[in-house]
Amino acid sequence: MAGYDVIIVGNGPAGLSAALYTSRANLKTLVIGKDQGALAKAERIENYFGMAEPVSGCELVENTKQQAKSLGAALVTDEIFHISWNQGFVLEGREGTYQAVSVLLATGSSRKKADIKGLAELEGRGVSYCAICDAFFFRGRKVAVLGNEEYAVHELGQLLPVAGSAVLLTNGKELLASAPEGVPVITKKITSVNGEEEVAGVTFEDGSSLELDGLFVALGSAGAVDLARKIGALTDGRSIQTDENMATNVPGLYAAGDCTGGLLQISTAVGEGAKAAMSMIKFVRQQKKG
Amino acid sequence: MSVIKITEQNFEAEVLKSDVPVLVDFWAVWCGPCQMQGPIVDELAEEVSGIKFGKLNVDENMSLAQQYRVASIPTLLVFKNGKIAASAVGLQSKEGLKKLLGI
């Protein structure tokens, strides 16, 4: 059964704020973070409560990490690619697999988006955002993964055993991970995804084309919205839908901070993290009783 | 109304020849979002009359999934008079389903 009571994906203000509460409530808490996200670039924060002098984003986060650790939370650096449910939440990352009774998604908002003609129109008709979910439909067929980081390589790994052939498309970006052996990498910029009723291929900037049956989008790293979609939490495509207690429609799954939309401020993220923590404490205690 | 299990055997009778609109939920056991969609469909089916609700397991009925070019699940199709009147891909809320059905 689950290794942790609470796993928090994201180590920004929302995630760390939640960790303070769940640790203090004596719940076994793990915070999984990749980097510092949006706050790494904030050198002077002048509008945060209790700070007489401006503070940097890094300092604020580092201080809170120490605070969470001293309260008993565990912190690890990893990138989560997939989340599923099997008698508890199962999170798959680059470094390992983690299990928890309750999960908080707090990875911030993804500011990445591929604005390629035809991509949105063909979603569900060959364009997919979840390899493990949809690989089944592409048995023996030609597929491509769109992305240039570890997340794209992970999605390729899901497709390779099933698909007839697979290609990695970086859409003009530098490849920041190593592609699996034997998988061709095309770095040219894509101008359009083609197909009337279903994906037929892509056209590149130089006018050349590639025939495809499926295109799996895995841009940047897997953000909170990507993870939410994979487990079946409702999103509007950009942010995760939660109720006033930060609960998603998936029992035990919560979201807080920038990934829920609204005001993108540290103060709101900290507040949402606290609210989510209260809900998670209640949820975990109920599960343990039951 | 209860939700009908749609198969290759009953598809024509239950969906294509239905007198009322039919919402078909294409799903599979291994699909996380489908596990969330199922109960939402059940709930709406309890509340609404004059519409038929069905679930189609793509593993067991691959030819229908192929025929309707389902390449991502959950996919929800609304059939009226044997033809697709509306479609949605990805998990839909109850409100989303109502919108799809025009109710």
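Residues numbered from 1 in each chain as written. Chains lettered and ligands numbered in written order. Predicted model: local features only at pLDDT ≥ 70, side-chain atom pairs only at ≥ 80, totals over all residues.

## Thoughts on the overall build of chain B
- Along chain B, the regular secondary structure elements total 4 helices and 5 strands.
- Sequence-ordered secondary structure for chain B, helices as α and strands as β, is β-α-β-α-β-α-β-β-α.
- In summary, chain B has a C-alpha radius of gyration of 12 Å against a globular reference of 13 Å for 103 residues, a match within 12%.
- Burial analysis of chain B (103 residues in total) assigns 39% to the buried set.
- Residue pairs in contact within chain B that sit at least 24 positions apart in sequence constitute 69% of those at least 6 positions apart. (Helix = DSSP H or I, 4+ residues; strand = E, 2+ residues; numbered from the N terminus. Rg over C-alpha atoms; globule rule 2.2 N^0.38 Å. Buried ≥ 20, exposed ≤ 12 C-beta atoms within 10 Å, placed from the backbone. Contact = placed C-beta atoms within 7 Å.)

## Some thoughts on the overall build of chain A
- Within chain A, the regular secondary structure consists of 6 helices and 15 strands.
- The C-alpha radius of gyration computed for chain A amounts to 20 Å, which stays within 12% of the reference 19 Å derived for 290 residues, consistent with globular compactness.
- C-alpha atoms of chain A, sized along the principal axes, occupy 55 × 45 × 35 Å.
- The 290 residues of chain A split such that 49% are buried.
- Summarising the internal contacts of chain A: among those between residues at least 6 apart in sequence, 60% fall at separations of at least 24.

## Regarding the interface of chain B and chain A
- On the side of chain A, 20 residues touch chain B, which itself brings 15 residues to the contact.
- Of all the elements, helix H2 (residues 32-47) of chain B adds the most residues to the side of chain B that touches chain A, at 5 residues.
- Per-class residue counts for the side of chain B that touches chain A are 7 nonpolar, 7 polar and 1 charged. (Nonpolar A, V, L, I, M, F, W, Y, C, P; charged D, E, K, R; others polar.)

## Section: the sheet that holds strand E4 (residues 75-80) of chain B
All names here are of chain B.
- An order of E1-E3-E2-E4-E5 is seen for the 5 strands of this open sheet, with the pairing classed as mixed. On the outer flanks of this sheet lie strand E1 (3-6) and strand E5 (83-89), each paired with one strand and no other. Going across the sheet, the axis of each strand differs from the next one's by a mean of 25 degrees, ignoring polarity.
- In the sheet, strand E2 (residues 22-27) pairs with strand E3 (residues 52-57) via 6 bridges, with the strands oriented parallel. Within E3, the position partnered with Phe-26 by the bridge is Leu-56.
- Contacts from H2 reach E1, E2 and E3 within the one sheet, and its direction differs from that of E2 by about 160 degrees.
- Each of E2, E4 and E5 touches helix H4 (residues 94-101); the most contacted strand, E4, lies at about 30 degrees to it. (Pairing = 2+ DSSP bridges. Axes fitted to C-alpha atoms, helices over the stretch in contact; angles between N-to-C directions.)

## Examining the sheet that holds strand E14 (residues 214-217) of chain A
All names here are of chain A.
- Reading across the sheet, the 5 strands line up as E7-E14-E8-E9-E10 and stay open at both edges, with parallel pairing between neighbours. Looking at the sheet topology across the chains shown, the edges are occupied by strand E7 (127-128) and strand E10 (185-186).
- Direction of pairing for E7 relative to E14: parallel, over a ladder of 2 bridges. In the sheet register, Val-127 faces E14, and the bridge partner there is Leu-215.
- Across the sheet, helix H4 (residues 150-159) touches strand E8 (142-146), strand E9 (165-169) and E14, and the angle it forms with E8 is around 160 degrees.

## Section: the domain arrangement of chain A
Residues and elements named next belong to chain A.
- Annotation of chain A at the domain level lists domain 1 (4-111 + 222-289) and domain 2 (127-217).
- Listed by partner, the interface residues are 8 residues for domain 1 and 7 residues for domain 2.
- Secondary structure elements with two or more residues in the side of domain 1 that touches domain 2: strand E4 (80-85) and helix H5 (224-231).
- Here the element with the most residues in the side of domain 1 that touches domain 2 is H5; it accounts for 3 residues.
- Grouping the constituent residues of the side of domain 1 that touches domain 2 by class yields 2 nonpolar, 1 polar and 5 charged. (Domains from an automatic or database assignment.)

## Quick word on the confidence of the model for chain A
- Predicted confidence across chain A gives a mean pLDDT of 92, with 98% of residues reaching 70 or more.
- The spread of mean pLDDT over the elements of chain A runs between helix H3 (residues 131-134) of chain A, the lowest at 88, and strand E1 (residues 4-9) of chain A, the highest at 98. (pLDDT = per-residue confidence, 0-100.)

## Focus on the environment of Ala86(B)
Residues and elements named next belong to chain B.
- Here Ala-86 lies in strand E5.
- A C-alpha to C-alpha distance of 8.3 Å links Ala-86 and Leu-76, two positions 10 residues apart in sequence.
- Apart from residues no more than four positions distant in its own chain, Ala-86 is found in contact with Val-78 and Leu-100.

## Description of the nonpolar core
Residue and element names in this part refer to chain A.
- With 118 residues, the main nonpolar core has Ile-7, Leu-104, Leu-105, Ala-106, Val-145 and Ala-255 as its most contacted residues.
- In terms of residue count, helix H6 (residues 266-289) provides more of this core than any other element does, 9 residues in total.
- Looking at which domains feed residues into this core, each of domain 1 (4-111 + 222-289) and domain 2 (127-217) gives three or more. (Core = buried A, V, L, I, M, F, W, Y, C linked by C-beta atoms within 7 Å.)

## Let's talk about helix H1 (residues 13-24) of chain A
All names here are of chain A.
- Between its first and last C-alpha atoms H1 spans 17 Å; for 12 residues at 1.5 Å apiece the expected length is 16 Å, and the two agree.
- With 11 of its 12 residues buried, H1 lies for the most part within the structure.
- Every buried residue of H1 is accounted for by Pro-13, Ala-14, Gly-15, Leu-16, Ser-17, Ala-18, Ala-19, Leu-20, Tyr-21, Thr-22 and Ser-23.
- The first or second residue beyond H1 is Asn-26, which carries a positive phi of 70 degrees. (Expected span 1.5 Å × (residues − 1).)

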